[in-house]
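# Results of the structural survey
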Amino acid sequence: MSVQTPDSVLDRLWSPFETQSGSRRSLFLMSPLILFELLIFVVPFAMLVRISLSEQSQSLPYAEGTFTIASYIEVLQSGFLQGIIVYSFRLGIIATVLAVVLATFYAYATWRADGLLKSALLFSVVLPLLTTLVIKTYAWVPLLAPNGTANNLLLAVGLLSAPVQVVPNTLGVVIGQVYIVFPYAMLAIYSVLSTVEWELVEAARDLGAGRARSFVEVVLPEIIPGITVATIISFAWSVGAYSAPALLGAGSDRPFALEIQEQMLLNFNWPIATALSTIMLVLMFVSIVLIYVVLGRFGGDVSNAA
Amino acid sequence: MRLESDRLGIAAFRLGYVAIFVAMLLPLFIVIATSFSASGNLQFPPEGFSLRWYRAFFADIQWLRAFDNSFIVGIGTTVVATFMGITAAFGLEARNSRLGDLLTPVVILPLLIPPVILGVTLLVYFSALGLQSSYLGIVLAHSLWATPLVFFVMQSVFQRFDWELRDAGMDLGANPISVFVYVILPNVKNGIVVSALLAFIISLQEFVMALFLSNFQTQTIPVLAWNSLRQSLTPTVSVVSTFLVLISVAGLAAAALAVNLDFVAKRLS
Amino acid sequence: MSDIELQNISKSYGDLQAVDDVTLSVRDGELLCLLGPSGCGKSTTMRMISGLETPTSGEVYLGGENVTDQAAYDRDTSMVFQNWALFPYKTVLENVAFGLKMRGDGADERSRRARDMLERVHMDGYEEHSTTDLSGGQKQRVALARSLAVDPDVLLLDEPLSNLDKRLREEMEIELKDIHQEFDKTFVYVTHNQDEAFTLADRIGIMNDGRLVQVGEPTEVYRNPTNRFVEEFLGDTNFVAGEVADVDDRYASLSTDFSETIRIPAFEPVEPGASFTISLRPEFMSIQRATGADSPAETTARADGTGGDTIGGTVENTIYRGSRIRYVVDVGGEDLFVEQSVADQVGIQEGEAVELGWNTDDLLMFHPDGSRVGAE
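Residues numbered from 1 in each chain as written. Chains lettered and ligands numbered in written order. Predicted model: local features only at pLDDT ≥ 70, side-chain atom pairs only at ≥ 80, totals over all residues.

The predicted model of chain B averages 82 in pLDDT, with 90% of residues at 70 or higher. Across chain B, the secondary-structure element scoring lowest on mean pLDDT is helix 12 (residues 261-268) of chain B, at 61, and the one scoring highest is helix 9 (residues 208-213) of chain B, at 90. (pLDDT = per-residue confidence, 0-100. Helix = DSSP H or I, 4+ residues; strand = E, 2+ residues; numbered from the N terminus.)

Below, the structure is given as structure tokens:
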């Protein structure tokens, strides 16, 4: 049906597709994204793996065209690099546990809140979310440095006799990292929590479950999908942490992100850097699958959270 | 009568979330406060009150250029991510295909990969293509993160959309493109606005990938902030931070006016 | 003893007064229905009995004990929720056993009691099912079993049948009544459905706008409403407003828009010029074809010599409702309706002239402010 109005422009746009089937058109619509992911994600990573399988070279970042697994062996055998891997995972686990536990609590408080309080709590989470990593990390320096606010306050009040070095130190890194992932974790949990019917908790209380118990028995199983997403995100980002260790950590705080940067851009030893990356990715992938499986046994369907 | 332990429990609960509330906002507040410091030290409470660092900032061409860069990249990312996110989400919703189920994990994957790895990988890749340190490179990298967000926001928007409206449109003689432009777009524009805003802000504040993919000319605000920090801790960074926080707050306010905060919070997760 | 005393309880949320100074006694073992339109405060009142809400003022007593500040998990009441609130990640058996688990019963004991309860609600065999697979009626039974398993003094039911279709609802009404008799507990039942209340209740408490308007046995409340709200809420009726023209010793005549001489009983407040609203219940009215002697234009009520009035009108609509017919009759510009059982009907058609009749002593009268005149 042709229309003699300005719509005819769109009609002409449409006519080449008129004969295509619905799913063909659907494919066409999704093709920009698919193409994008292929070109900007899949291909670069193929390159990454390829480089990791090349020989190291003195004068070049890597020896093109060669093939060896020497870099992988080197990474796996190096005590130094093992230490780095361990540090990364330890930071990941600690930050994740802290973040998810606190996030669950805060999400619950937000769920139960109304009106202004609810908006305030959400604001307190959404604003840091939209703030750049640099600021979020750097903000802890004036607070936690030896000559910073916290120390000065505690010294003045008399609770401390000498300044405590939280920054630069591993404790500072953990605090900073938790601060960074907390908003994401909280929102992941909250988005599921907000769909839970409060009536269920009332029913549990009516049947004799106290406050804590009614949460554990009724709410927890339902928010497992949100907790799973929160855990996975927190874990992935904490293992791959860069800014917190760099800015808030001491020399001994060396996660693999910093190591990769050094190997890549300072030492120009690309095979090692990429091999380390690939190993970390594999380990992380395995961990994430583990998290997904373990948590999934406690409750509902994760696809509800996405 | 209400048990004491009950009251204690409630008090502890309140104390808990207030403490977290303070912990979330205090660092930002401190940073903003230090930007007004009269001295060059990064102390809180700041020693004296002065706008000198603000003046220094506006005089510093590096920062001004960084702002330009950030906005250029931000707009670019918004355009790219919004276009891809909307078309893909729409294509998915028009028909529930298996391709869609396959697409979701692929789209999410970049978000889970440590940004350092992404940054370094793309650096190598773009160098091979001659795109290193270019605006395009940074835009594409940021889109890796922004597009999933737009995609999911629009996906849930399209899910809530009353598809009967489309049927009505077609029944009245509009071809599918017209239907999209005249029937669907007006009804989902809230979702589009929100996801575009979010894409912009994500790009604005993305730091790690930009660190690797920009150079002296093209560095964005977070990158310049980071580099300045590495050299010396001065309140200039606080000034920049204040502006960034204000921009985020403004963006939030704009989104909150379009929809309420609860909605935005849920979309972000 | 599982009686309930509510003394002057009120509940307000900011500016909103949900429950306003309600005083009510529920006798041990009775089934009391709280009946009223949406938003009247009946659910809130019941939640205050359960402990899920705390009164803003006033006191709640269960079995003589002041439980006003007691939390829901400490009270010996059990609630069946409107949407049943079955726990989604637990099996039917785990749901029913939940309360027992909370009070510390051992696993075997819990299982035994839960199975026993499921059998009594005819849901045996469903123990391992997920609650999401069940139909509305089945969920209803599981919810009941769950609440009864903890052997509460008082069972509270919050519009439990409102999500079921008509036939299922009627079946469940009877089942609930049986369960009430079998378990011999105090039941408080909230509903907006008048038929439900009349079927189930030993006594009905009618609420409107946060206040308790009238409490009594169903027949009593129906025959003798305290005010116009109750009369209007329970069943359909014709309301006719008018002014008193002149007064006799037994009767007075009311002047309305369509007739000068409707007779009303001459209670005390009846004097010339006073305004009243009368309720003409369709079940007290008779309908027959107009006899030839009357002209259809005559719409003044006439005494028919037997203590009643007759008035003429034209049938505007006949509405079949299964076993009954409703006639909407135009009487001097006003619409009055009368009902007849299909078995009794004589085939009166739309457009026909008819006569409506009623007995003056069957009229209910109300002041303009809604209060009842001359309640027995």
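We now examine the environment of Leu144(C). Residues and elements named next belong to chain C. Structurally, Leu144 can be placed in helix 4 (residues 136-149). With 144 residues separating them along the chain, Leu144 and Gln288 place their C-alpha atoms 49 Å apart. If sequence neighbours within four positions are ignored, Leu144 has contacts with Val80, Val121 and Ile179. (Contact = placed C-beta atoms within 7 Å.)

Right, let's get into the pairing of strand 8 (residues 186-191) of chain C. For a regular strand, side chains alternate in direction, first toward one face of the sheet and then toward the other. All names here are of chain C. The buried fraction of strand 8 amounts to six of the six residues, a majority that puts the element mostly inside the structure. In the sheet, strand 3 (residues 31-35) pairs with strand 8 via five bridges, with the strands oriented parallel. The partner of Leu32 across the bridge, within strand 8, is Val188. As judged from the five bridges shared by strand 7 (residues 154-158) and strand 8, these two strands associate in the parallel manner. (Buried ≥ 20, exposed ≤ 12 C-beta atoms within 10 Å, placed from the backbone. Pairing = 2+ DSSP bridges.)

We now examine the nonpolar core. Judged by nonpolar contacts, the single largest core of 165 residues is most densely connected at Ala103(A), Val181(A), Ala185(A), Met186(A), Ile189(A) and Ile233(A). With 17 residues, the top contributor of residues to this core is helix 9 (residues 170-193) of chain A. Apart from residues no more than four positions distant in its own chain, Met186(A) is found in contact with Ala103(A), Tyr106(A), Ala107(A) and Val125(A). Among the nonpolar cores identified, the runner-up in size contains 78 residues, and Leu32(C), Phe87(C), Val96(C) and Phe98(C) belong to it. (Core = buried A, V, L, I, M, F, W, Y, C linked by C-beta atoms within 7 Å.)

With that out of the way, let us pick up the domain arrangement of chain C. Here chain C is described as being made up of domain 1 (4-233) and domain 2 (238-366). Each of domain 1 of chain C and domain 2 of chain C was reduced to a C-alpha centroid, and the two centroids are 41 Å apart. (Domains from an automatic or database assignment.)

For the rest of this paragraph, the subject is the interface of chain B and chain A. Between chain B and chain A, the residue contacts involve 75 residues of the former and 74 residues of the latter. Ranked by residues supplied to the side of chain B that touches chain A, first place goes to helix 1 (residues 4-34) of chain B with twelve residues. In terms of residue class, the side of chain B that touches chain A is made up of 54 nonpolar, 18 polar and three charged. (Nonpolar A, V, L, I, M, F, W, Y, C, P; charged D, E, K, R; others polar.)

Residues and elements named next belong to chain C. Strands sit in the order 13-12-11-14-21 across an open sheet of five strands; the sheet is antiparallel. Sheet topology places strand 13 (262-265) and strand 21 (364-366) at the edges, where each strand pairs with a single neighbour. Ignoring strand direction, the axes of neighbouring strands in this sheet form an average angle of 45°. Where strand 14 (residues 275-280) and strand 21 come together, three bridges link them in antiparallel fashion. Among the inter-strand pairings, Ile278 is bridged to a residue of strand 21, identified as Met365. (Axes fitted to C-alpha atoms, helices over the stretch in contact; angles between N-to-C directions.)

Moving on: the interface of chain C and chain A. On the side of chain A, 17 residues touch chain C, which itself brings 17 residues to the contact. For the side of chain C that touches chain A, the elements supplying multiple residues, two or more each, are strand 6 (77-80) and helix 2 (92-102) of chain C. Top element by residues in the side of chain C that touches chain A is helix 2 of chain C. It accounts for three residues. Looking at the side of chain C that touches chain A, its residues break down into twelve nonpolar, four polar and one charged.

This next bit is on unusual backbone geometry. Residue and element names in this part refer to chain C. Here the phi dihedral of His122 falls at roughly 65°; this positive angle occurs in a residue that is not glycine. Tracing the chain through its elements places His122 in the loop between helix 3 (107-120) and helix 4. In the Ramachandran plot, Asp209 falls in the positive-phi region, its phi being about 60° despite a non-glycine side chain. Along the polypeptide, Asp209 turns up in the loop between strand 9 (203-208) and strand 10 (211-216).

Our focus in this paragraph is helix 5 (residues 115-129) of chain B. Residue and element names in this part refer to chain B. Under the 1.5 Å per step criterion, the end-to-end length of helix 5 is 20 Å for 15 residues, consistent within 8% with the ideal 21 Å. Within helix 5, twelve of the 15 residues are buried, which leaves the element mostly enclosed by the surrounding structure. Those residues of helix 5 that sit buried are Pro115, Val116, Ile117, Leu118, Gly119, Val120, Thr121, Leu122, Leu123, Val124, Tyr125 and Phe126. Looking at the residues trailing helix 5, positive phi occurs at Gly130, about 80°. (Expected span 1.5 Å × (residues − 1).)

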